Amino acid sequence: MTREDIEKLIKAEALLRSILSNADMTVDPEGMTMAEAIKRQRQLMGLSLQEVADSVGSSKSYLWDLEQGRHPRPSASIVWRLSKSLGLDCAWLCEAAERQAQRLAEAA
């Protein structure tokens, strides 16, 4: 791990602690889809698509597609990494992904 990596982790941890300590700055889970949740939480945290993509080990374009609702059932690994990166409950995020898949199925 490079010095730059450590500095990024320290910055991310400080930002996450700040966000989590402020109850007004978390997503409202009532009926929200995964796409809505990850986009809103990312924006509330002031993170770019690239920063979140890097933290979860995916591409910026894949994350953008997730935020647009184009991947109704991402892998469990991606959901888990997103939950950790964005400070969201993993079980709730899985439920939000299921709501999203149901909405897409109903629209088809």
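Shown above is the structure to which this text applies.
Now for a description of the structure that goes with this document.

Procedures and definitions
Residues numbered from 1 in each chain as written. Predicted model: local features only at pLDDT ≥ 70, side-chain atom pairs only at ≥ 80, totals over all residues. Heavy atoms only, no water. Salt bridge = Lys/Arg side-chain N within 4 Å of Asp/Glu carboxyl O. Helix = DSSP H or I, 4+ residues; strand = E, 2+ residues; numbered from the N terminus. Buried < 20%, exposed > 50% of the residue type's maximum accessible area, 1.4 Å probe, protein only. Axes fitted to C-alpha atoms, helices over the stretch in contact; angles between N-to-C directions. Parallel < 35°, antiparallel > 145°, perpendicular 65-115°, else oblique. Contact = heavy atoms within 4.5 Å. Nonpolar A, V, L, I, M, F, W, Y, C, P; charged D, E, K, R; others polar. Core = buried A, V, L, I, M, F, W, Y, C linked by side-chain atoms within 4.5 Å. Expected span 1.5 Å × (residues − 1). Polar contact = N/O pair within 3.5 Å; in protein donor to acceptor, adjacent residues only side chain to side chain. 1 Å grid on protein atoms, 1.4 Å probe; cavity = no way out; pocket = protein on both sides within 12 Å on 5 of 7 lines; lining within 4 Å. Points joined across faces, edges and corners; volume = space filled by probe spheres on them.

Taken as a whole and judged by the stated rule, the model has 4 salt bridges. Here Glu 4 ties to Lys 8 by a salt bridge, and the two come within 3.5 Å at their closest N and O atoms. Within this pair, Glu 4 and its partner Lys 8 are both found in helix α1 (residues 3-20), separated by 4 residues, close to a single helical turn. The salt bridge involving Glu 67 is made with Arg 42; its shortest N-O contact spans 2.6 Å. One end of the pair, Glu 67, is in helix α4 (residues 60-67); the other, Arg 42, is in helix α2 (residues 34-44), with 25 residues separating them in the sequence. Of the residues examined, Arg 42 reaches a relative accessible area of 10% and is grouped as buried.

Direction vectors running N to C along helix α3 (residues 49-56) and α4 enclose 105°, while the axes themselves pass 8 Å from each other. Classed by the angle they form, the pair α3 and α4 counts as roughly perpendicular. Residues Leu 49, Gln 50, Val 52 and Ala 53 of α3 lie in contact with α4, whose contacting residues are Lys 60, Leu 63, Trp 64 and Glu 67. For the contact of α3 with α4, the residue count by class is 5 nonpolar, 1 polar and 2 charged.

Quick look at the nonpolar core now. By size, the foremost hydrophobic cluster in this structure holds 21 residues, and its most contacted members are Met 34, Ile 38, Leu 63, Leu 66, Leu 82, Leu 86 and Leu 93. Of all the secondary structure elements, the ones that give two or more residues to this core are α2, α3, α4, α5 (76-86) and α6 (90-107). In this structure, Ile 38 is in contact with Leu 63, Leu 66, Glu 67, Leu 82, Leu 86 and Leu 93, ignoring residues within four places of it in sequence.

For the rest of this paragraph, the subject is α6. Helix length check: α6, at 18 residues, gives a terminal C-alpha distance of 26 Å against a target of 26 Å (1.5 Å per residue), a fit within 8%. Residues of α6 that are buried sit in contact with α2, α4 and α5. Capping the start of α6, Asp 89 holds a side-chain oxygen 3.2 Å from the backbone nitrogen of Ala 91, two or three residues further along.

Now for the side chain of Gln 100. Position of Gln 100 relative to the elements: it lies in helix α6. A polar side-chain atom of Gln 100 sits 2.7 Å from the main-chain amide nitrogen of Ala 35.

What follows is about the side chain of Ser 83. Inspection of the secondary structure assignment puts Ser 83 in helix α5. Non-local contacts of Ser 83, meaning those with residues more than four positions away in its chain, are made with Leu 88, Asp 89, Cys 90 and Leu 93.

Quantified by volume, the largest pocket comes out at close to 640 Å³. Of the residues forming the lining of the largest pocket, the biggest block, 8 residues, is contributed by α1. Partitioned by chemical class, the residues of the lining of the largest pocket number 9 nonpolar, 3 polar and 8 charged.

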